Amino acid sequence: MQKRLLIAGGSGLIGSAIKEMAIKEGWGVTILSRSAGNNHIQWDPGKQHISLIAPMTFDAIINLSGASLANGRWTPRRKKIILDSRIQSCATIEKYLRSDQLSAQTYIGASAIGIYGDRGSETVDENSEIEEHGDWLAQITKSWEEGHNRIKQLGIRTVRLRIGMVLSQQGGALKEMIRTAPMGFLGYFGSGQQVWSWIHIDDVAGIVLHALSNKEMEGVFLATSPFAVTNKLIISELSKVYAPSRFVLPIPTFILALMLGEMHTMLMQSCSCYPKRLVASGYKFRYPKIEKAVAELVGE
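Bear in mind the structure is a predicted one, so any value in this text is a computation, not a measurement.

Draft legend 1. Representation of the sheet that holds strand 13 (residues 198-200). If you trace the three strands from one edge of the open sheet to the other, you get 10-9-13, paired in mixed fashion. Each having just a single partner strand, strand 10 (171-172) and strand 13 make up the two edges of the open sheet. When strand 9 (residues 165-168) meets strand 10, the two strands line up antiparallel, connected through two bridges. In the strand pairing of strand 10, Leu 167 is matched with Gly 172.

Draft legend 2. Layout of the nonpolar core. In this structure, Leu 5, Ile 18, Ile 62, Leu 102 and Leu 212 are the most contacted members of the largest nonpolar core, which totals 53 residues. With eight residues, helix 5 (residues 201-213) is the largest single contributor of residues to this core. Formed by 24 residues, the second largest nonpolar core is a distinct cluster that contains Leu 167, Leu 174, Ile 235 and Leu 267.

Draft legend 3. Examining the sheet that holds strand 5 (residues 56-63) more closely. Strand order in this open sheet of eight strands is 4-3-2-1-5-6-8-14, and the pairing throughout is mixed. Taken across any chain shown, the strands that pair with only one partner, and hence form the sheet edges, are strand 4 (49-50) and strand 14 (219-223). As paired strands, strand 2 (residues 28-33) and strand 3 (residues 40-44) are joined by three bridges and run parallel to one another. What sits directly across from Ser 33, in strand 3, is Gln 42. Contacting strand 1 (4-8), strand 3, strand 4, strand 5 and strand 6 (102-112), helix 2 (residues 76-98) runs over the sheet at an angle of about 165° to strand 6. Contacting strand 5, strand 6, strand 8 (157-163) and strand 14, helix 3 (residues 136-152) crosses the sheet at an angle of about 165° to strand 6.

Draft legend 4. Quick peek at the side chain of Ser 225. Among the secondary structure elements, Ser 225 is positioned in the loop between strand 14 and strand 15 (229-230). Judged by relative accessible area, Ser 225 falls into the buried class, the value being 1%. Here the side chain of Ser 225 touches Phe 227 through a polar contact of 2.9 Å, landing on its backbone nitrogen. Not counting residues within four places of it along the chain, the set of residues in contact with Ser 225 comprises Trp 198, Ile 199, Cys 273, Pro 275, Phe 285 and Pro 288.

Draft legend 5. The layout of surface pockets, seen in detail. Put simply, the second largest pocket is a space of about 280 Å³. Around the second largest pocket, the lining is made up of 15 residues, and of these Ala 17, Glu 20, Gln 170, Ile 201 and Asp 202 lie nearest the centre. Sorting the residues of the lining of the second largest pocket by element identifies helix 1 (13-24), helix 5 and helix 10 (290-298) as the ones contributing at least two each. For the lining of the second largest pocket, the element with the most residues is helix 1, which contributes six residues. Residues belonging to the lining of the second largest pocket are distributed by class as follows: six nonpolar, five polar and four charged.

Draft legend 6. Structural view of the pairing of strand 11 (residues 185-189). For strand 11, the tally of buried residues reaches four of five residues, placing the bulk of the element in the interior. Note that strand 11 and strand 16 (residues 247-251) share five bridges and pair parallel. Bridging across to strand 16, Tyr 188 finds its partner in Pro 250.

Draft legend 7. Spatial organisation of the pattern of salt bridges. Across all of its chains, the model carries twelve salt bridges by this definition. Measuring nitrogen to oxygen at the nearest pair gives 3.5 Å for the salt bridge that ties Glu 20 to Lys 24. A residue pair is termed a helical-turn pair when its members lie 3 or 4 positions apart in one helix, as Glu 20 and Lys 24 do in helix 1 at four residues. With relative accessibility at 67%, the residue Lys 24 sits in the exposed group. Several salt bridges converge on common partners, so that one network encompasses Glu 94, Arg 98 and Arg 150.

What counts and how
- Residues numbered from 1 in each chain as written.
- Predicted model: local features only at pLDDT ≥ 70, side-chain atom pairs only at ≥ 80, totals over all residues.
- Heavy atoms only, no water.
- Pairing = 2+ DSSP bridges.
- Helix = DSSP H or I, 4+ residues; strand = E, 2+ residues; numbered from the N terminus.
- Core = buried A, V, L, I, M, F, W, Y, C linked by side-chain atoms within 4.5 Å.
- Buried < 20%, exposed > 50% of the residue type's maximum accessible area, 1.4 Å probe, protein only.
- Contact = heavy atoms within 4.5 Å.
- Axes fitted to C-alpha atoms, helices over the stretch in contact; angles between N-to-C directions.
- Polar contact = N/O pair within 3.5 Å; in protein donor to acceptor, adjacent residues only side chain to side chain.
- 1 Å grid on protein atoms, 1.4 Å probe; cavity = no way out; pocket = protein on both sides within 12 Å on 5 of 7 lines; lining within 4 Å.
- Points joined across faces, edges and corners; volume = space filled by probe spheres on them.
- Nonpolar A, V, L, I, M, F, W, Y, C, P; charged D, E, K, R; others polar.
- Salt bridge = Lys/Arg side-chain N within 4 Å of Asp/Glu carboxyl O.

Written out as structure tokens, the structure is:
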């Protein structure tokens, strides 16, 4: 019998990649979406409503739902949307699981390495302490994980994936990093020495499928390459895949602040992650090194 997967946020960058890989591996995939469509179930997390005609059973539920951090300045209104979208999606799925209108054996909830805050030169893994501080991103992510944990309390195998900076041809951070390439240069931010924990989009999807099939995986796992690199190194490697190579220039912090407002702080933080539990689980990275990743994504 075909295994069944329900994805909340399945139309986004990560969700689309997971859907494609899951279908190739024989899963039947249904999307929780605000809009109607083939193999879609409509929902409204703000109203905690899912349009179900009858109870539905899935082998697994993946919750990626949440407003983008990069879609506009972080005004008080935008911050509320970002937080509420994450809390409401978790609460809606929890409500329907508690009432047995939805059932699943496995739940995978998206999280982010932003929960660690700015850690400087320190390397963190899944067992590292989450420090209490005033970092807004860290607080948002902590609240997000608390929503996932309430589903764990229902006795469902729950995996929380703390995802790093996702590199993809389809959008996200990479698209912004190479925006100036047609002008002959690429820019790194500030000193460029801030450490970024990144991951190729194919590995994000691969990790999710690995977690679905590995029943021993439970709790927190880092979805990052084992080899974090500085912002300047990423830009330098990107410059090499162009012919001719692009000049690498600094973009001063004050310019980023003028352009992005408070959002620029996200670009200046360091968080060097090592996915210790993920590696121990046996996952084999398709793109562990930044050189191979950018060559596949951008190479001409």
